[in-house]
Amino acid sequence: MIVRRYAAIVLLMIFIASPASLLAQTAAQAPAPDPNDPIVKIKDEGTNRSQVMQTLSYLSDVIGPRLTASPGMKRANEWTRDQLTKWGLQNAHLESWGPFGRGWTLKRFSAQVVEPIAIPLIAYPKAWSPGTNGAITADVVYVDARSETDLEKFKGKLNGKIVLTAPVRDVAAHFDAQGTRLNEKELLTLADAPEPRPAGGRPNFAGNPNQRAAATFGANKLRFFEQEGVAMLVDPGRGDGGTIFVQSATVTPPPADPNAPPAGGGGFGGGVRPYDKAAKIMPQVVLAIEHYNRIARMVQAGEAVKMTIDLAVAYQDADQMGYNTVAEIPGTDLKDEVVMLGGHMDSWHSGTGATDNAAGCAVAMEAVRIIQALGLKSRRTIRIALWSGEEQGLLGSRAYVAEHFGSMQNPATSAAPSSGGGPNAGNGNGNGNGNGNGNGAAQQQRPAQTLVKKPDWEKLSAYFNLDNGTGKIRGVYMQGNEGVRSLFRQWLAPFKDMGANTLSISNTGGTDHLAFDAIGLPGFQFIQDEIEYDTRTHHSNQDVFDRIQADDMKQAAIIMAAFVYNTAMRDEKLPRKPAPGSR
């Protein structure tokens, strides 16, 4: 019995110890990372000697807002050029495009209620709004007009007044976190997305009847305010809790032509942009919704409310060109071929453009710094480009693509490029960053265009872009290019433990890879965690350095460096989708 008990104990101990032994053997058999593997080196440099946050802080904290054509944008162009040169990149220079229009700088601003009580206000002027020529104090009028008939009630009552321009908005409580990461279900949905539908011509979105009616009423209301001599327009802010989303001032449109066909997508202003010198713009600010609602309710309660607003601005008219910063790491045996990476450096003005998009620029700069610091010799030339004019319609990247690679042109004239449009193709109101798959059908179609290639069209392997905030990279949008799937799957494999493992065939829009994709060149945007991008920082006063996630930025720079290096080392350029109509 004792022998049997002893044998049982021995067997039990062997059983317990065996899994540990097996695990130890497995660990011993796992190969150690090869210190000479370039990807291992990139990981080490990007993790242990990263400079991405220092770069990002200088762009956002020191230089600050970078509105296209402003002194802040030009300073950022010059600083990034000099920093890239300092790191050892070659041919660092500013490349002009345009003309864009005039710059705009905020010099001084304050806003408060002064009667019947003092209320400090959270507010920001809209970009390209004119100033007030000194502080103005005026009665506040709440124009809760929803129709032309409603507007007529205010005729003769608005001269010299500060006008609340729109109805109040309910402010809901936040029961869900504003900061999120992509979960497994969301990543699976991206991975299983259907192949995007071919465009079949350029879409011309004229909107549905309700949208057209709302746009018409909005234009008529702006003309009414101007005719009545309003001193200041105050819009309710999107966002809450002190977050205000702020973009361009709205141009007062000319009288509508009743014989003109419905136009698509242009916004107010009749084709005049707020940065055009001829733009007719009234002073405009955006007010935090909680303050806006309170003042509106005070007026409705019969209180005589007065506000004081002091807005001083400066316009820059001397140089109306936009600029991109460009620099290179020269290649070796395939040096005439190019791999590009980048992001847009221009921003809006109420924050410091940290998540949109100093983050993407700092990551791209860190990626080339890593490659250069390690002395990795790429076969193809690696070229970084930091764009301006993105917020007005991808203007800088589109102009660059049209200048260097090619453009889509109208078959009748083959004159004006539209892979970037003319440099003033945007409406001045900024772009969103959609994650759709491009399956929506356009309401109207313009005639198909012809791709006119330049010699360097054949020499670009790919362009990689980062512009969806501070979130870590989770994978890549393949933009309908099935040919890159196996390569990208292989390149993502070393980063599975860093959370990057998803490939989506779908398109994503709203940023500079589209300039390349539009003419059949491989252009890719990385899939990123949302964090607080749409809920809090995108185009808002909270787009500041403190919302940046440092570890996510390091991870993104490592992955971007690896993708760029791998692309630069292949025997062949990356596979391409069929090019749009070419000749």
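Keep in mind that this is a model prediction, so the values were computed, not measured. (Residues numbered from 1 in each chain as written. Predicted model: local features only at pLDDT ≥ 70, side-chain atom pairs only at ≥ 80, totals over all residues. Heavy atoms only, no water.)

**Structural notes on the packing of helix H3 (residues 52-63) against helix H4 (residues 71-86)**
Thinking step 1. Across the interface, H3 lies against H4 with an axial gap of 11 Å and an inter-helix angle of 155 degrees. Between H3 and H4, the crossing angle belongs to the class labelled roughly antiparallel. Relative to H4, H3 is oriented so that their crossing is right-handed. Residues Thr 55, Tyr 58, Leu 59, Val 62 and Ile 63 of H3 form the contact with H4, whose own contacting residues are Gly 72, Arg 75, Ala 76, Trp 79 and Thr 80. (Axes fitted to C-alpha atoms, helices over the stretch in contact; angles between N-to-C directions. Helix = DSSP H or I, 4+ residues; strand = E, 2+ residues; numbered from the N terminus. Parallel < 35°, antiparallel > 145°, perpendicular 65-115°, else oblique. Left-handed = near helix turned anticlockwise from the far one by under 90°. Contact = heavy atoms within 4.5 Å.)

**Observations concerning the environment of Asp 512**
Thinking step 1. Along the chain, the position of Asp 512 falls in the loop between strand S17 (502-504) and helix H12 (513-517).
Thinking step 2. Separated by 168 residues in sequence, Asp 512 and His 344 place their C-alpha atoms 7.3 Å apart.
Thinking step 3. Among all residues touching Asp 512, those that are not within four sequence positions of it are Gly 343, His 344, Trp 387, Glu 390, Leu 394, Ser 397, Tyr 463 and Asn 465.
Thinking step 4. One polar contact links Asp 512 to Ser 397, side chain to side chain, over a distance of 2.6 Å. (Polar contact = N/O pair within 3.5 Å; in protein donor to acceptor, adjacent residues only side chain to side chain.)

**Thoughts on the nonpolar core**
One recurring pattern in soluble globular proteins is that nonpolar side chains are buried together.
Thinking step 1. In this structure, Ile 384, Phe 464, Phe 488 and Met 560 are the most contacted members of the largest nonpolar core, which totals 67 residues.
Thinking step 2. Contacts of Ile 384, omitting those with residues within four sequence positions, involve Leu 84, Leu 89, Thr 325, Val 326, Ala 327, Leu 341, Ala 364, Met 365 and Val 368.
Thinking step 3. Of all hydrophobic cores here, the second largest spans 24 residues; its members include Leu 121, Ile 162, Leu 164 and Ile 309. (Core = buried A, V, L, I, M, F, W, Y, C linked by side-chain atoms within 4.5 Å. Buried < 20%, exposed > 50% of the residue type's maximum accessible area, 1.4 Å probe, protein only.)

**A few points about the pairing of strand S18 (residues 523-528)**
The side chains of a regular strand alternate between the sheet's two faces.
Thinking step 1. Across the 6 residues of S18, 6 count as buried, placing the element largely inside the fold.
Thinking step 2. Two elements, strand S15 (residues 460-465) and S18, share 3 bridges in a ladder whose sense is parallel. Across the sheet, the residue bridging to Asn 465 is Gln 525, located in S18.
Thinking step 3. Note that strand S16 (residues 473-477) and S18 share 3 bridges and pair antiparallel. The residue bridging Ile 473 from the neighbouring strand is Gln 528, located in S18. (Pairing = 2+ DSSP bridges.)

**A look at the packing of aromatic side chains**
Thinking step 1. By the definition in use, this model includes 21 aromatic pairs.
Thinking step 2. In this structure, Arg 102 packs its charged tip against the face of Tyr 315, placed 3.8 Å from the ring centre.
Thinking step 3. Above the face of the Trp 457 ring, Arg 576 is positioned so that its terminal group lies 4.4 Å from the ring centre. (Phe/Tyr/Trp six-rings, centres within 6.5 Å; stacked < 30°, edge-to-face > 60°. Lys NZ or Arg CZ within 6 Å of the ring centre and 35° of its normal.)

**Digging into the sheet that holds strand S11 (residues 334-344)**
Each strand in a sheet pairs with its neighbour through backbone hydrogen bonds, running either in the same direction (parallel) or in the opposite one (antiparallel).
Thinking step 1. In space, the 8 strands of this open sheet follow the order S1-S10-S12-S11-S15-S18-S16-S17, with mixed pairing throughout. Two strands close off the open sheet at either side, each with one partner strand: strand S1 (90-97) and S17. Looking at each pair of strands side by side, their axes are set apart by 25 degrees on average, direction ignored.
Thinking step 2. Across 5 bridges, strand S10 (residues 322-329) lies against strand S12 (residues 380-387) in antiparallel orientation. For Ala 327, the partnering residue across the bridge sits in S12 and is Ile 384.
Thinking step 3. Its contacts with the sheet put helix H6 (residues 184-191) on S16, S17 and S18, and the angle it makes with S17 is roughly 40 degrees.
Thinking step 4. Packed onto the sheet, helix H10 (residues 395-404) meets S1, S10, S11 and S12 and runs at close to 105 degrees relative to S1.

**A short note on the confidence of the model for the protein**
Thinking step 1. Across the protein, pLDDT averages 89, with 85% of residues at or above 70.
Thinking step 2. This model gives residues 414-444 a pLDDT under 50, and the stretch forms 107 contacts once residues within four places in sequence are excluded. (pLDDT = per-residue confidence, 0-100.)

**Some words on the sheet that holds strand S2 (residues 103-115)**
Thinking step 1. Ordered by their spatial adjacency, 8 strands build an open sheet running S3-S2-S9-S5-S6-S7-S8-S4, and the pairing between neighbours is mixed. Each edge of the sheet is formed by a strand with only one pairing partner; in this case those strands are strand S3 (119-120) and strand S4 (123-125).
Thinking step 2. Where S4 meets strand S8 (residues 284-287), 3 bridges bridge the pair, whose relative direction is antiparallel. Residue pairing in the sheet places Ala 123 in a bridge with Leu 287 of S8.
Thinking step 3. Across the sheet, helix H8 (residues 289-300) is in contact with S2, S3, strand S5 (136-142), strand S6 (162-164), strand S7 (232-236), S8 and strand S9 (306-316); its angle to S5 comes to roughly 75 degrees.

**Some words on the pattern of salt bridges**
Thinking step 1. Enumeration over the complete set of coordinates arrives at 25 salt bridges.
Thinking step 2. Where Lys 155 meets Glu 228, a salt bridge forms, and the shortest distance between an N and an O atom there is 3.7 Å. Linking Lys 155 in the loop between helix H5 (148-152) and S6 with Glu 228 in helix H7 (residues 209-228), this pair joins segments that are 73 residues apart in sequence.
Thinking step 3. Across the pair Arg 536 and Glu 532 runs a salt bridge whose closest N-O atoms are separated by 3.9 Å.
Thinking step 4. Accessibility expressed as a relative area gives 12% for Glu 532, which makes it buried.
Thinking step 5. Overlapping salt bridges bring together Asp 44, Glu 45, Arg 49, Glu 366 and Arg 369 as one network. (Salt bridge = Lys/Arg side-chain N within 4 Å of Asp/Glu carboxyl O.)

**Examining the environment of Thr 216**
Thinking step 1. Structurally, the position occupied by Thr 216 is in helix H7.
Thinking step 2. Along the chain, Thr 216 and Ala 256 lie 40 residues apart, while their C-alpha atoms are 8.7 Å from each other.

**So, the packing of helix H9 (residues 354-373) against helix H14 (residues 550-569)**
Thinking step 1. Closest axis-to-axis distance for the H9/H14 pair is 8 Å, and the angle between their directions is 55 degrees. By the angle class used here, H9 and H14 are oblique. Every pair of crossing elements has a handedness; the one defined by H9 and H14 is right-handed. Contacts between H9 and H14 involve Ala 359, Val 363, Ala 364, Glu 366, Ala 367, Ile 370 and Ile 371 from the first element and Met 553, Ala 556, Ala 557, Met 560, Ala 561, Val 564 and Tyr 565 from the second.
Thinking step 2. Its residues assigned to classes, the contact of H9 with H14 comprises 13 nonpolar, no polar and 1 charged. (Nonpolar A, V, L, I, M, F, W, Y, C, P; charged D, E, K, R; others polar.)

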